[in-house]
2 protein chains.
Amino acid sequence: MKSVYFFGGQVAEGKADMKNLLGGKGANLAEMVNLGIPVPAGFTITTDVCTYFYENDRTFPSDMENQLKEGMGKTESVMGKIFGDTENPLLLSVRSGARMSMPGMMETVLNVGLTSKTIPALIQKTNNPRFVYDAYRRLIMMYSDVVMEKAAGIEPQDGLGIRHQLEGILEQYKVENNLKTDVDLSSDDWIKISELFKDKIEKVLGSSFPDDHYEQLWGGVKAVFQSWNGKRAISYRKIEHIPDEWGTAVNVQAMVFGNTGEESATGVAFTRNPATGENRFYGEWLQNAQGEDVVAGIRTPHPLNESTKTEESKHLQSLETFLPHVYQELDEIRTKLEKHYKDMQDIEFTIENGHLWMLQTRTGKRTGGAAIKMAVDMVSEGMIEKETGILRVKPEQLDELLHPSLDLDEEVKTEVVVRGLPAGPGGGVGRVVFTADDAEEWAKNGENVILVREETSPEDVHGMHVAEAILTAKGGMTSHAALVARGWGKCCIVGCAALNIDFIKKEMRSGDFLIKEGDWISMNGSKGIVYQGQVTLKSAEPESNDSYRILMDWADEFRTLKVRTNADSPEDSKQAIAFGAEGIGLCRTEHMFFDPQRIVEMRKMILAENETERREAVMNLLPYQREDFMGILEAMADKPVTIRLLDPPLHEFITLSEEQIDELAKELNITAEKIRQRINSLHEFNPMLGHRGCRLGIAYPEITEMQARAIFEATAALKNSEINAMPEVMIPLVGSYMEYNNQEKIVRSVADSVMEETGIKFDYLVGTMIELPRACLTADEIAEKAEFFSFGTNDLTQTTYGFSRDDIGGFLPDYLGNNILSHDPFQSLDQRGVGELVSLAVEKGRSVRKNLKIGICGEHGGDPDSVMFCHQTGLDYVSCSPFRVPIARLAAAWAHLMQE
Amino acid sequence: MKSVYFFGGQVAEGKADMKNLLGGKGANLAEMVNLGIPVPAGFTITTDVCTYFYENDRTFPSDMENQLKEGMGKTESVMGKIFGDTENPLLLSVRSGARMSMPGMMETVLNVGLTSKTIPALIQKTNNPRFVYDAYRRLIMMYSDVVMEKAAGIEPQDGLGIRHQLEGILEQYKVENNLKTDVDLSSDDWIKISELFKDKIEKVLGSSFPDDHYEQLWGGVKAVFQSWNGKRAISYRKIEHIPDEWGTAVNVQAMVFGNTGEESATGVAFTRNPATGENRFYGEWLQNAQGEDVVAGIRTPHPLNESTKTEESKHLQSLETFLPHVYQELDEIRTKLEKHYKDMQDIEFTIENGHLWMLQTRTGKRTGGAAIKMAVDMVSEGMIEKETGILRVKPEQLDELLHPSLDLDEEVKTEVVVRGLPAGPGGGVGRVVFTADDAEEWAKNGENVILVREETSPEDVHGMHVAEAILTAKGGMTSHAALVARGWGKCCIVGCAALNIDFIKKEMRSGDFLIKEGDWISMNGSKGIVYQGQVTLKSAEPESNDSYRILMDWADEFRTLKVRTNADSPEDSKQAIAFGAEGIGLCRTEHMFFDPQRIVEMRKMILAENETERREAVMNLLPYQREDFMGILEAMADKPVTIRLLDPPLHEFITLSEEQIDELAKELNITAEKIRQRINSLHEFNPMLGHRGCRLGIAYPEITEMQARAIFEATAALKNSEINAMPEVMIPLVGSYMEYNNQEKIVRSVADSVMEETGIKFDYLVGTMIELPRACLTADEIAEKAEFFSFGTNDLTQTTYGFSRDDIGGFLPDYLGNNILSHDPFQSLDQRGVGELVSLAVEKGRSVRKNLKIGICGEHGGDPDSVMFCHQTGLDYVSCSPFRVPIARLAAAWAHLMQE
């Protein structure tokens, strides 16, 4: 097994595409060497060694020592220094480097090789004893913390470890000697402190700091491998879904110093601006400093060049003017790296006595806006193909362009009131109200309000509509609040279990926070965080962004999957068309019944004594429904509109207080007792599995008739005005073809009647929502008559997992925390379970009807991973809320490109 | 197409195995002819003609008339009479005859061929004008009703049709002429009445009664075919699941008359006693009578022979003594038929002037007890093989032997209060109480009580236990009441939607009935009927039934599928072993927590502030649980016991009234507010899909630990006393292998600890309940570690269909009524949907673990069709409530025999 890969001078044993073996850092160091870029020599110990290490009781392969010594020899020869030498000693850094970047999660030891033998030589060579002893005490601090404390098996609480104790000694020394900052300490001070450090270490850890250079090196290497299984690294991997078995590589590299004098410096840079995407070399540097000084934030870093100076930084000298020849070399390297990697690079460099050394290059992280601009620019620069440009922007990254957001700088400084599930993305700022009616009233007076509820119901919709954002204590990612808010692109946080709301007092508590009605809060709906007070809100204007428009055009060019929207109103329909929707995949009809005028008729219907009364009440709703459908079908002219027949259980329409019962009784001229009895008889233990969906239409066929009539009368009237309405009638919650056939017959018979009555012929489809496991299992039987399937993956996920989306909040945190679930299955489709049912249904459905139109209209239609799955599974379209349409379009293009 | 099959004399064109074509009656008439038994000649028009009739606008195949005339010729020649002849006329009966018997659901016309031309000839031949005119008026009544009214397209309401009007004329005639009964009417009277009838018919139906014999015949044949799609027939087919496309045959047969004089008679008989199974010729007869007279119940039928006379019938003359030679011929035919058909026959005969004619033979219906006795007797008589004997008893038929039942004679005469779902079979009689506490108190005073509730919850269990029967207004076949009642073999009716209960007044209403606390009611739990007052209850004693014991031994001999029981207590375990259970397939542990002493600890656990408190409360339950498991494992020594870890959502344990909250607050020394908050936070919208099953054990691992410890400590203690406990720990509601692995790890680690602590090694299994679609879809992943699967088909049906078993009552009647469901899927496994998931899981599970032990522990385990399915799917065992164990054993034998 080759365990050690050398890099340095003009030659490297590794290269960029060996990340799995050498880690990202190691592979890119090798690649830079191959490109002729100056990199301090060194070698990478492979991730295979890490695997071996854990599989063999934390030991190394037998021949690794030889390979390491060989690598060391080459390093020494390139750098012209000898490790442990008493004349010209080489110092080393020992750093982790995994396949994926895990910033700050693993250990690093610098200055390895400083011993009582090498210190005098280094002093002689640098003529800078203070620098050498400063480096020595840094080594002691790091090494005792990273290597020795762990080796001693001590696991101190945060802030109580050996490092903390050594820092205490340093502080005490400064106080006793009346020294203000580290800069004030002399060489002698550092010598004394080093001795104090070593004594303390021996006392606390029971062993002495090693004075042998190879002992230091092996200790460092082992500590880095061990840090792969440190607590921080493990929890980071959980969050980022990095497999435990990948392991880390270890990079051993010659030290170079940016703090050896006036002509030394250190810096970080991006080949383009990572915040805006602008094609300018962008970075920061510090004179006479080490990398950790830049990170520590004590000194203010300088801008790299003149052209990127800002109002705040214009008085600081740039590297461009201070060391022009070095800047020019760096700028050439920038160009070389971007040309080579064909992507924006995030680089680190050190200047040691006027000599430039590159320490790292990697693909740079960027904001969504920057990602779009860079992708479009690089295509127009001819650097990359359109296809690559599309794949440079993650679909999720569009989100920040589509919603207003909190000012990040302010956000990080603001106190967190509570955390919950990020149900509706973007930012929201407003004053707290606790009822929908209050929200409406305050909003009328020009106030920005945030509606806070235990959970929301259809009766809260008017308050939700006027609110800037919605916050609920209960519910999951597909609870009522979440669904409605996302539909409107509104900021929403749900499932804040820590929130205690007192609706009588109109206040809420979370820990020590007490928020009263009228208090300001700010919400980051993309992260699920609620802040105290007012954070500045930045608006979203994707239309004005040229790069965005170009990118979306390319996406449309490359995708084959259609994208529709879920919309219930003409306004939403227009919004969605502006976002590029190609039709409506789910038009829910139940919201239409909650309007005050209409709900009375609905309640009459529910309380009817017999079919005649019931039919009369239902038919009173016909004009309203027809008008609704006219509006939507007209807004979506020439585009298909899938209308779902009434779905929710009837008790949702008669959730009444005692007062409301009395009122209704008077209005309908029946006894309150009778209303109570009916409410009681409609109560269900598990309404999600109760009398809803097509089960309503089967029990009360007049509802189906009325809705079908409203749809077809609207269609005929529009056709009469030469507007091409394309309705697709969707029968919900079908579990067997018998249910489907029963309802389809009613719909088709109404269509025939309307055509006969109006003398107008029109086209329409009848199909069904596939949202029960049994529908998937018997999809062949259903497809005998159904002309389309639309997967309702919310309900399908509920029944496949046996999870109620309204109640999942009770255990989801435990599940994600224990890694029992890697994602919330209501956000990203569970491909292993739910996905298998979807595939099965597609296969069975198309086995009897080759041209069966298949889409998805669950919340997953806007999730990029799920969109990919839909493409692979052969669906015709996805449908999602208007604000996710662009994301779905881009994801569809990705899906097509990834499959090729 | 051959449309007409002749039978008569010594030759028939059909035979017994042609039932699909000739119907049951036609095939058996042919078979009797082939056996040389005297049968009036005739012919059968096939079911294919029925199909043709409906597919061709209610017309007949073109060559049918020729075939019919040919059949008529043969009939005339065998009977020595001519149809429509003016000297020796042949009269015919026209009867339906479907593949399966549909008693009284279709039409019959007798005496066809009586016209103004044939009447004089018949009078001359019989010398009995009264008989002839009586026959004539009967023909007119039947024909006008069956043929003419329908042909006129008139659909009168019940009791207002032409038949009713003719009966009115007859009654009026009798009153006017001072005649008491039909017997008092003379020949002249009947002539006058016939004329009155014909006038009325012409007036009401607008056409005259046909005087042409062939017109009569074709009208009758057509009417019989049309009656296949009459209302009564259609609804009967729905109930009995008879396909619409089978159609009926029509039997046209020479009339013979049992009412032509002293030596004429008619009767029905069974070759063995259908109520007891006793091997004696058993039947009834009436002298000088027609079949309809026996049915009408005006005259009391006589016993067939001396040996079957009872106290009530001993004064009536038997056929054996009255016409000994005819009786002997009949008895020989009895023997011949039983020998030929190798099963008990239900026969009809007519004696015309001393000549015996057989009109029908078919396999006789019988009670469960009779079925068992006949099967065992026939095997010991050498008539049939053991295998056939087993298949002669339908598994469901055992039910009546296992439960007490209402006296049938009394039952049919008692007023029905309400109907509901037959949730617990058998009979129950008692006084109504409305709370579990009342039930307990009344029962203590020696009263038999019936507990009536809206629905039951675990807190009602003490009252349910002492009640004779349980009645609930809500809930489905697998509601709490139903499950618990069936577990105890207790009579139970649920889902009586018409029942309005007033718990304040302690009374209930159903329609006009008002039942108050203390009133007596009687319940038939097998049919779901509640009666007013006290019906006599007959006890069940299967053990004392030798035939039953023999049959069950045979069943065990032939079955390969094991049968376990669902039991939660030592008592149930013993009961189940007595019924032949081979282990426990489902031991629920939640009932154990509802005991008053224990529920306090449970509530402490639920209200605990932190893990330490929670663990302490949970561990206080350990001694109780250990004791529970000791008892059950000991009762089931040497047999496997599958124990399911805690399953229900926690809020079930803290359903508290305000008073109870205050009490609990005092007891636990916390505020009532805190309890309310916790109750509120545990509230779920869909508890079935909520925080339950293994989701509890994952959130609160201490519960799993405690339960595992209780199981293993009990196992070790028993082993110490040389009792072989065989626990199988079952993790509920697993949807992914990650959940399973999490819980399994805890269970195995506790087992290790207990073995170490006690120094006793014991065997055990860990496995899971497969009750979610996702578990089926990922069964291969789960089987990597799980040692057994047990299908929880109740929950699997709920999630596959999206039906809540507690709420299905709201729409199930509509579904069954509209034929959308053919069965309640909670009673009989839905093989097409749920069954596909089960098969998939078996296949996937065994693909990674060949010897995976697989069972089923849902309610379906006791349903014969579902047991068959389990056998075919390769399951190792089924598990059901103790009282269904014998049924499952027999069904398992059936499954094995049917597959061969």
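Rules used in this analysis
Residues numbered from 1 in each chain as written. Chains lettered and ligands numbered in written order. Predicted model: local features only at pLDDT ≥ 70, side-chain atom pairs only at ≥ 80, totals over all residues. Heavy atoms only, no water. pLDDT = per-residue confidence, 0-100. Contact = heavy atoms within 4.5 Å. Buried area = accessible area lost by both parts, 1.4 Å probe. Salt bridge = Lys/Arg side-chain N within 4 Å of Asp/Glu carboxyl O. Polar contact = N/O pair within 3.5 Å; in protein donor to acceptor, adjacent residues only side chain to side chain. Helix = DSSP H or I, 4+ residues; strand = E, 2+ residues; numbered from the N terminus. Nonpolar A, V, L, I, M, F, W, Y, C, P; charged D, E, K, R; others polar. Pairing = 2+ DSSP bridges. Axes fitted to C-alpha atoms, helices over the stretch in contact; angles between N-to-C directions. Buried < 20%, exposed > 50% of the residue type's maximum accessible area, 1.4 Å probe, protein only. Right-handed = clockwise from strand over helix to strand, strands pointing away. Least-squares fit on C-alpha atoms with pLDDT ≥ 70 in both. Parallel < 35°, antiparallel > 145°, perpendicular 65-115°, else oblique. Left-handed = near helix turned anticlockwise from the far one by under 90°. Phe/Tyr/Trp six-rings, centres within 6.5 Å; stacked < 30°, edge-to-face > 60°. Lys NZ or Arg CZ within 6 Å of the ring centre and 35° of its normal.

Observations concerning the confidence of the model for chain A
Stage number 1. Overall, the prediction assigns chain A a mean pLDDT of 92, with 99% of residues at 70 or greater.
Stage number 2. Confidence estimates for the predicted assembly give a pTM of 0.82 and an ipTM of 0.82.

Looking at the interface of chain A and chain B
Stage number 1. Taken together, the contact pairs 53 residues of chain A with 53 residues of chain B.
Stage number 2. Interface area for chain A against chain B, summed over the two sides, is near 4600 Å², with a carbon-plus-sulfur share of 54%.
Stage number 3. Taken together, chain A and chain B are joined by eight salt bridges.
Stage number 4. Counting every contact that joins chain A to chain B gives 32 residue pairs in polar contact (both at pLDDT 80 or more).
Stage number 5. Going through the elements one at a time, α26 (672-682), α27 (694-699), α29 (737-758), α30 (773-777), α31 (779-783), α32 (793-801), α33 (812-817) and α34 (834-848) of chain A are the ones with two or more residues in the side of chain A that touches chain B.
Stage number 6. Class assignment for the residues of the side of chain A that touches chain B results in 17 nonpolar, 20 polar and 16 charged.

Focus: the sheet that holds strand β9 (residues 265-270) of chain A
All names here are of chain A.
Stage number 1. Read from one edge to the other, the open sheet built from five strands follows the order β11-β10-β9-β12-β13, with strand pairing classed as antiparallel. Sheet topology places β11 (302-303) and β13 (355-363) at the edges, where each strand pairs with a single neighbour.
Stage number 2. In the sheet, strand β10 (residues 282-287) pairs with β11 via two bridges, with the strands oriented antiparallel. Pairing of Trp-285 across the sheet is with His-302, part of β11.
Stage number 3. Helix-sheet contacts for helix α12 (residues 324-341) involve β12 (345-352) and β13, and the interaxial angle to β13 is about 25°.

Quick look at the pairing of strand β19 (residues 469-472) of chain B
Residue and element names in this part refer to chain B.
Stage number 1. The side-chain alternation of β19 yields two buried faces, one formed by Ala-469 and Leu-471 and the other by Ile-470 and Thr-472.
Stage number 2. Taken together, the four bridges between strand β18 (residues 449-453) and β19 define a ladder with parallel strand orientation. By the bridge assignment, Leu-451 is partnered in β19 with Ile-470.
Stage number 3. Remark: the β18/helix α18 (residues 461-466)/β19 crossover connection has right-handed handedness.
Stage number 4. Sheet analysis places β19 next to strand β20 (residues 491-494), joined by three bridges and oriented parallel. Looking at the pairing, Ala-469 lines up with Cys-491 of β20.

Structural notes on the relation of the copies chain A and chain B
Stage number 1. After a rotation of 179° and a shift along the axis of 0.2 Å, chain A superposes on chain B with an RMSD of 0.3 Å. The superposition of one copy onto the other is thereby described by a two-fold rotation axis.
Stage number 2. Taken together, the interface assignments show that 100% of the residues at the interface of chain A recur at the interface of chain B, consistent with an identical surface on both copies.

Brief notes about the packing of helix α4 (residues 118-126) of chain B against helix α5 (residues 129-151) of chain B
All names here are of chain B.
Stage number 1. Contact pair α4 / α5: the axes reach a minimum separation of 8 Å and the direction vectors enclose 140°. Looking at the two axes, α4 sits oblique to α5. For the pair α4 and α5, the crossing hand works out as right-handed. Two secondary-structure elements touch here, α4 through Ile-119, Leu-122, Ile-123 and Thr-126 and α5 through Pro-129, Phe-131, Val-132, Tyr-133 and Tyr-136.

A few points about the packing of aromatic side chains
Stage number 1. Under the defined criterion, the tally for this structure stands at 44 aromatic pairs over all chains.
Stage number 2. Consider the rings of Tyr136(A) and Phe209(A), whose centres lie 6.1 Å apart with planes at 80°: the pair is edge-to-face. Taken together, the positions of Tyr136(A) in helix α5 (residues 129-151) and Phe209(A) in the loop between α7 (187-205) and α8 (213-227) put the pair 73 residues apart, joining distant regions of the chain. When sorted by exposure, Tyr136(A) lands in the same class as Phe209(A), which is buried.
Stage number 3. Pairwise contacts between aromatic rings join Phe53(A), Tyr54(A), Phe60(A), Trp218(A) and Phe225(A) into one cluster.
Stage number 4. Residue placement shows Arg237(A) over the ring face of Trp228(A); its charged tip is 3.8 Å from the ring centre.
Stage number 5. A cation sits over an aromatic face here: Lys2(B) above Tyr5(B), 4.8 Å from the ring centre.

Let's talk about unusual backbone geometry
Stage number 1. You will see that Asp57(A), though not glycine, has its phi angle at about 55°, which is positive.
Stage number 2. A relative accessible area of 69% places Asp57(A) in the exposed class.
Stage number 3. Even without a glycine there, the phi angle at Asn178(B) is positive, about 60°.
Stage number 4. Relative to the helices and strands, Asn178(B) resides in the loop between α6 (162-176) and α7 (187-205).

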